[in-house]
Amino acid sequence: MLGCPMPCGIALTRKEHVKKVEQHIDYLNSVDTTIMGSRNGQSVLYLWYSLRKKSLAGIKNDVVLCMKMARYLLDELTTKLGIVCRLNDLSTTVVLERPMEDDFIKRWQLACEEDIAHVVVMPNITKSKIDLFVKELSVSIRKHGRRSKLKNSRRKTASSSPTPLEQLYDSSSWGSSGKITMPK
C-alpha cells in the first residue's frame, strides 16, 4: 500500500518486550534487538520515505479509496455476473468462486485456493480496471462455464468436508450487513 520497492514492515512494541529478544553481538560490539538477528537497512529507509511522503492523510485517502473500489468490485460481480462474493467490513479483499479458465487466473494474477479466488484491491485499482476485469471474466464464463452452485447440490455426508467455495456459500460470518462503513 505504501509503494515501497521491496517487502518491508515495522513492529511496534513496548521496550520491556524488546529486552526479551535483545542479544549482544560480539563481532559488532553492539546489541541486536531485531527478531531475525539482522535487517536490511535500505528497506527501513524506503519505509520511512514512503510514510513521510504520503502522510497520514494520504494513507487514509488510499484506504478509503481501496474500500470503495472493493465494494464496487463486489457489486459488479454480483449484479452483472451473479457470482457469490464476500467482502468483510473494513476489508479490501473480495473472495469469489475460482474461475474455470487458468489463462484468466494467470492474466489477472488471482490468488486461488481449491475452488475459491480472492482479489486484493490496492490503490492502483481503478473503476476502469475493475470494469475490464468483470468484462473479461464474463467472456471467460461464457466460454468455459462456472463452478456448479454447490449450496443446494452438495452431498452432505459425515465424511465429506465442505470445500472453501461451499463454506463461502454457507457462511454467515462475513461482515455485518455486507455494507462498508467508511471512516470519517
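Residues numbered from 1 in each chain as written. Predicted model: local features only at pLDDT ≥ 70, side-chain atom pairs only at ≥ 80, totals over all residues. Heavy atoms only, no water.

Bringing empty space enclosed by the protein into the picture now. Enumeration according to the criterion identifies one cavity of 30 Å³ or more in this entry. Roughly 60 Å³ of internal volume is contained in the largest cavity. What lines the largest cavity is Ile 83, Leu 96, Glu 97, Arg 98, Pro 99, Met 100, Leu 137, Ile 141, Gly 145, Arg 146 and Arg 147. Of all the secondary-structure elements, those providing two or more residues to the lining of the largest cavity are strand S4 (93–97) and helix H4 (127–144). (1 Å grid on protein atoms, 1.4 Å probe; cavity = no way out; pocket = protein on both sides within 12 Å on 5 of 7 lines; lining within 4 Å. Points joined across faces, edges and corners; volume = space filled by probe spheres on them. Helix = DSSP H or I, 4+ residues; strand = E, 2+ residues; numbered from the N terminus.)

Turning next to the packing of aromatic side chains. As enumerated under the stated definition, the model contains three aromatic pairs in all. A ring pair is formed by Phe 104 and Trp 108, whose centres lie 6.4 Å apart and whose planes are at 45°; its orientation type is tilted. Classification of Phe 104 by relative accessible area gives buried; the value is 4%. Aromatic pair Phe 104 and Phe 133: ring centres 5.4 Å apart, planes at 45°, arrangement tilted. Taken together, the residues Phe 104 in helix H3 (residues 102–107) and Phe 133 in helix H4 connect sequence positions 29 residues apart. Grouping residues by exposure puts Phe 104 and Phe 133 together as buried. An aromatic cluster is defined as three or more aromatic residues linked by ring pairs; in this entry it consists of Phe 104, Trp 108 and Phe 133. (Phe/Tyr/Trp six-rings, centres within 6.5 Å; stacked < 30°, edge-to-face > 60°. Buried < 20%, exposed > 50% of the residue type's maximum accessible area, 1.4 Å probe, protein only.)

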